[in-house]
Amino acid sequence: MDRLPPGRQCAESAEDVLALAVFMEPIEKAQAMDRHSLRDRAVEEFNTDLILDTVIESLDNARLAEITARSGPIR
């Protein structure tokens, strides 16, 4: 933890040490990640075709909701 200034040497209380640990935990997790696995996951989650399909579906749903609201209740 002492790699980043001001680091643990500036902690004045147990609360400071805890706050530093909370801050450092995600950084340490990120540094420990396997780059290849992370890249594969990013490719899956940020697939352009999937994102476009989701956006188009959302726009279609919004348009359908607007048309339904304008036409009033079905009799």
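**What about the overall build of the chain?**
Along the chain, the regular secondary structure elements total three helices and zero strands. For the chain, the succession of helices and strands along the chain, N to C, is α-α-α. Residue burial in the chain is summarised as follows: out of 75 residues, 4% are buried.

**Considerations on helix H3 (residues 48-71)**
Taking 1.5 Å per residue, 24 residues should reach 34 Å; H3 reaches 35 Å between its end C-alpha atoms and fits that length. Backbone nitrogen of Asp 49 and a side-chain oxygen of the N-cap are separated by 2.8 Å at the start of H3; the cap is Asn 47. Remark: Gly 72 follows H3 within two positions and exhibits a positive phi of approximately 80°.

**Quick word on the pattern of salt bridges**
Taken as a whole and judged by the stated rule, the model has four salt bridges. Across the pair Glu 66 and Arg 70 runs a salt bridge, and its minimum N-O distance is 3.0 Å. Taken together, the positions of Glu 66 and Arg 70, both in helix H3 and four residues apart, correspond to about one turn of that helix. For Arg 70, a relative accessible area of 69% corresponds to the exposed category.

**With respect to a nonpolar patch on the surface**
Taken together, Phe 46, Ile 51, Val 55 and Leu 59 make up a surface patch of nonpolar side chains, about 400 Å² in accessible area. Judged by its relative accessible area of 39%, Ile 51 falls in the partly exposed class.

**Describing the confidence of the model for the chain**
Chain-level pLDDT for the chain is 84 on average; 85% of the residues reach the 70-or-more range. The element-level mean pLDDT for the chain is lowest in helix H1 (residues 14-32), coming to 85, with H3 highest at 94.

So, how was this worked out
Residues numbered from 1 in each chain as written. Predicted model: local features only at pLDDT ≥ 70, side-chain atom pairs only at ≥ 80, totals over all residues. Heavy atoms only, no water. Helix = DSSP H or I, 4+ residues; strand = E, 2+ residues; numbered from the N terminus. Buried < 20%, exposed > 50% of the residue type's maximum accessible area, 1.4 Å probe, protein only. Expected span 1.5 Å × (residues − 1). Polar contact = N/O pair within 3.5 Å; in protein donor to acceptor, adjacent residues only side chain to side chain. Salt bridge = Lys/Arg side-chain N within 4 Å of Asp/Glu carboxyl O. Patch = residues over 30% accessible without salt bridge, like charges linked within 9 Å, V, L, I, M, F, W, Y side chains within 5 Å. Areas by Shrake-Rupley, 256 points an atom, 1.4 Å probe, with all protein chains shown as cover. pLDDT = per-residue confidence, 0-100.

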